[in-house]
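For reference, the chains in residue letters:
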Amino acid sequence: MNCFQEDLAFSHKAEDLPIWEEIYRRAFPGFAGMISYREFGDHQKAGVDRGVYLEHAKEILIDEKVRRKDYGDILLEYLSNDRTGALGWACKPLRADYIAYAILPVGECHLMPVIQLQEAWRKRGDEWRLNYGEKVAANSSYGTHSCPVPVDALYRAMGTCLHVKFNNAAAV
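We now turn to the structure provided with this report. (Residues numbered from 1 in each chain as written. Predicted model: local features only at pLDDT ≥ 70, side-chain atom pairs only at ≥ 80, totals over all residues. Heavy atoms only, no water.)

1. Quick look at the state of the cysteines
We apply this condition: In this description, the term disulfide denotes a pair of cysteine sulfurs within 2.5 Å. When accessible area is computed with a 1.4 Å probe and restricted to protein chains, residues below 20% of their type maximum are described as buried, those above 50% as exposed, and intermediate ones as partly exposed.
Within the structure shown, the criterion is met by 0 disulfides. Note on Cys-91: no disulfide assigned, nearest cysteine sulfur contributed by Cys-147 at a separation of 11 Å. Take Cys-91: its relative accessible area is 28%, and that puts it in the partly exposed class. Free of any disulfide, Cys-109 has its nearest cysteine sulfur in Cys-161, 20 Å distant. By relative accessible area, which is 23% here, Cys-109 ends up partly exposed.

2. Things to note about the pairing of strand E3 (residues 59-67)
Short version of the rule: By the convention used here, strands pair only if DSSP detects at least 2 bridges between them. Helix numbers and strand numbers start at the N terminus; a helix is a DSSP run of H or I with at least 4 residues, a strand a run of E with at least 2.
Here strand E2 (residues 50-54) pairs with E3 via 4 bridges, running antiparallel. Bridging across to E3, Val-52 finds its partner in Ile-60. If you look at the hairpin formed by E2 and E3, you'll find 4 residues sitting between the two strands, and His-56 has a positive phi there, around 70 degrees. Across 6 bridges, the pairing between E3 and strand E6 (residues 98-103) is parallel. Bridging across to E6, Asp-63 finds its partner in Ile-99.

3. With respect to the pattern of salt bridges
Any two side chains of opposite charge can pair, on the condition that their charged atoms come close. What counts here: Just to be clear on terms, a salt bridge is a Lys or Arg side-chain nitrogen sitting within 4 Å of an Asp or Glu carboxyl oxygen.
Throughout the structure, instances matching the rule amount to 13 salt bridges. The partner of Glu-21 in a salt bridge is Arg-25, with the nearest N and O atoms 2.8 Å apart. Placement of both Glu-21 and Arg-25 in helix H2 (residues 19-27) is noted, with a separation of 4 residues, approximately one turn of the helix. Its relative accessible area of 33% is what places Glu-21 among the partly exposed residues. The exposure class of Arg-25 is partly exposed, given its relative accessible area of 49%. Residues Arg-26 and Glu-22 are paired through a salt bridge, measuring 3.2 Å at the closest nitrogen-oxygen approach. Here Arg-26 and its partner Glu-22 are both found in helix H2, 4 residues apart, which amounts to about one turn of the helix. Given a relative accessible area of 69%, Arg-26 falls into the exposed group.

4. Concerning the sheet that holds strand E9 (residues 143-150)
Quick reminder of the rule: What makes two residues a contact is simply this: any of their non-hydrogen atoms within 4.5 Å. Interaxial angles span 0 to 180 degrees and are taken between N-to-C directions of axes, which are lines fitted to C-alpha atoms, for helices over the stretch in contact.
Taken in spatial order, the 4 strands make up an open sheet running E5-E4-E9-E8, and their pairing is antiparallel. Since the sheet does not close on itself, it has two edges, and those belong to strand E5 (86-87) and strand E8 (135-138), each with one partner. In terms of strand pairing, strand E4 (residues 73-81) meets E9 through 6 bridges, oriented antiparallel. Its bridge partner lying in E9, Glu-77 is registered against Ser-146. Strands in contact with helix H4 (residues 114-132) are E4 and E9; relative to E9, the strand with the most contacts, it is inclined by about 90 degrees.

5. Concerning the packing of aromatic side chains
Aromatic ring pairs: the centre-centre distance and the angle between the two ring planes describe each pair. This is how it is decided: Classification of ring pairs rests on two measures: the distance between centres of Phe, Tyr or Trp rings, Trp counted by its six-membered ring, which must be within 6.5 Å, and the angle between planes, read as stacked under 30 degrees, edge-to-face over 60 and tilted in between.
The final tally for this structure, using the stated rule, is 6 aromatic pairs. Between Trp-89 and Tyr-101 the ring centres are 6.4 Å apart and the planes differ by 50 degrees, which places this aromatic pair in the tilted class. Taken together, the positions of Trp-89 in the loop between E5 and E6 and Tyr-101 in strand E6 put the pair 12 residues apart, joining distant regions of the chain. Ring geometry for Trp-121 versus Trp-128: centroids 6.1 Å apart, planes at 45 degrees, classification tilted.

So, in structure tokens, the structure goes:
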């Protein structure tokens, strides 16, 4: 059984790891700084753990996830609480621009754009659950449901959401 308080404590400890600055410096040209929003209730409710500031004051909002083992997939949480029906981060409205999904043992972080990630889940979630199954984390009084999607399948699906076909007859 999962212990929410232990997982939360691990998550808060992971917030202080130096990997985050290294990740964001490498991922975002013009990195100027970052701020933790874990203590700010409104940001937390909106799915934001950290803000990354770029030169010229652009802020990127990030929801950070840390995985302690590498299974070769990304575990997409689609149902946070099966007793209340609360949606997971793969489908609930988030204010974050990216999910930063760090896999500690292999030193990798997947920066996934939230809009494309959630659209990919909307289009393929049922298929993925059928093909890849689901994992239920048993908490004290509820379960959290996730689907382990292989990294390459998830990136292909997100990529298709960045390619839009339009009616070119209207452009002529």
